[in-house]
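Listed here are the chains, written in short residue letters.
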Amino acid sequence: MAYGMPTASQPGAYADVGFSTPWSRAMGLRVPIVNAPMGGVAGGPLAAAVTAAGGLGMIGMGSSGSAAALRRELDRRAPGGGPFGIGLVDWVLAADPDLLEVAIDARPALIAVGFGAEHAWVDRVRAAGIRTATQVYSAADARRAEDAGVELLVARGSEGGGHGSAAMSTLPLLDAVLSTVSTPVLAAGGIGSPASLAAVLVAGAAGAWLGTHLAVCPESDLSEAGRRAMLAADGADTVLTTLHDIAFDYPWPARFPARVLATEATRRWAGREESLRADPEARAALVAAIRADPAAVPVDAGQGVGMITSVAPVAEVIGRLCAGAVELLVPSPGGR
């Protein structure tokens, strides 16, 4: 892996720190960072801030995504703000086919579609001159995606926040995927420090797909209650659950539970989530409780959440991560 030299003129000039991989240089990025397109969190302002910081900002359409919602988030993005991407969920896209049309018409640099078994969308997106990406959770997933023409893979480990497979953690998954495909691969899941960013790059990732650490930034649409919960949490405070998808009747495939901060509800229903499906009264009560109490709203968070100690702007978060990674990857003259 070849890295570009840091461009910061002085220590602490976080917004000016840059380093690159072959993939990020080809994308015209100053840093090999992409924000995860977190539904309800990664809106137009977060995407614009990530792009301004040198990465690729992504607008996310999650469980409640729609063509109308995407138009609103595109309008919230600063005009002329540089390259950006759009992330979509396969089953949401199937329910609202106009969503893909709106995404293509927006002319993003990248469209990512995840959580599905089919890749019928790939040819249509590539025909529009837009790069394609998808998350993968095994070597077999990666091979199918590459064979379908997907140009960028995201190896998302079980440490990551939000929906994903619990099958493999990030580094073993990254090794398996990189040994299987020649397509560029981003690493996702548990990356929240300069050391973990440097680790995935040394392991061969073309960049990092960051969620939890950017979700807490003021440019995101995370609620203030969610930010407070993240600041108070550590990595042991997250759980994998299907509880909220069952309660709200979201048709997420069983393969993809969500990693969220533990709450009274997740503790109460631990190991009994499926019983909730057969109990409409309990589902209604849980939904009512979540809607009535901001502290009960599920907060997607990965196991790196304990590394978050303050709320800082996107440029500072990305700058600190990249500056620290550069120090680890590019030894200074006379250094150790």
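See the structure shown above.
Bear in mind the structure is a predicted one, so any value in this text is a computation, not a measurement.

**Student:** Mind showing me how you'd approach the pattern of salt bridges here?
**Tutor:** A side chain with one charge may pair with a side chain of the opposite charge, provided their charged atoms come close. According to the stated counting rule, one finds nine salt bridges in the structure shown. Of the charged contacts, one joins Arg 227 and Glu 224 as a salt bridge, the two residues approaching to 2.9 Å between their closest N and O atoms. Of this pair, Arg 227 and Glu 224 both sit in helix 11 (residues 224–232), three residues apart, which is roughly one turn of that helix. Residue class for Arg 227 comes out buried when judged on its relative accessible area of 5%. Through salt bridges with shared partners, a single network forms among Glu 73, Arg 76 and Asp 221.

**Student:** Hey, could you run me through the sheet that holds strand 11 (residues 258–261) in this one?
**Tutor:** Strand pairs in the sheet, formed through backbone hydrogen bonds, run parallel or antiparallel to each other. In spatial order, the strands read 7-11-10; together these three strands make up an open sheet with antiparallel pairing. Two strands lie at the open edges of the sheet, namely strand 7 (162–163) and strand 10 (238–241), each paired on one side alone. As paired strands, strand 10 and strand 11 are joined by four bridges and run antiparallel to one another. For Val 239, the partnering residue across the bridge sits in strand 11 and is Val 260.

**Student:** Please explain the nonpolar core as it appears in this structure.
**Tutor:** Buried together is how nonpolar side chains tend to be arranged in soluble globular proteins. Core analysis: the biggest nonpolar cluster contains 97 residues, and Leu 88, Leu 197 and Met 230 have the highest contact counts within it. Those residues in contact with Met 230, other than ones at most four positions away along the chain, are Thr 212, Ala 215, Val 216, Leu 222, Leu 261, Val 299, Asp 300, Ala 301, Val 305 and Ile 308.

**Student:** Would you explain unusual backbone geometry in this entry?
**Tutor:** Apart from glycine, the bulk of residues carry a negative phi angle, and the bulk of peptide bonds sit in the trans form. You will see that Arg 107, though not glycine, has its phi angle at about 55 degrees, which is positive. Assignment of secondary structure puts Arg 107 in the loop between helix 5 (98–105) and strand 4 (110–114). With a phi close to 70 degrees, Phe 115 is a non-glycine residue in the positive phi region. By relative accessible area, Phe 115 is classed as buried at 12%.

**Student:** Would you mind showing me how to read the sheet that holds strand 2 (residues 57–60) here?
**Tutor:** Strand order across the open sheet formed by eight strands is 1-9-8-6-5-4-3-2, with parallel pairing between neighbours. Of all the strands in the sheet, just strand 1 (33–35) and strand 2 have a single pairing partner and so form its edges. Averaged over all pairs of adjacent strands, the angle between their axes in this sheet comes to 25 degrees, without regard to strand direction. Across the sheet, helix 2 (residues 44–52) is in contact with strand 1, strand 2 and strand 3 (84–89); its angle to strand 2 comes to roughly 165 degrees.

What counts and how
- Residues numbered from 1 in each chain as written.
- Predicted model: local features only at pLDDT ≥ 70, side-chain atom pairs only at ≥ 80, totals over all residues.
- Heavy atoms only, no water.
- Salt bridge = Lys/Arg side-chain N within 4 Å of Asp/Glu carboxyl O.
- Helix = DSSP H or I, 4+ residues; strand = E, 2+ residues; numbered from the N terminus.
- Buried < 20%, exposed > 50% of the residue type's maximum accessible area, 1.4 Å probe, protein only.
- Pairing = 2+ DSSP bridges.
- Core = buried A, V, L, I, M, F, W, Y, C linked by side-chain atoms within 4.5 Å.
- Contact = heavy atoms within 4.5 Å.
- Axes fitted to C-alpha atoms, helices over the stretch in contact; angles between N-to-C directions.

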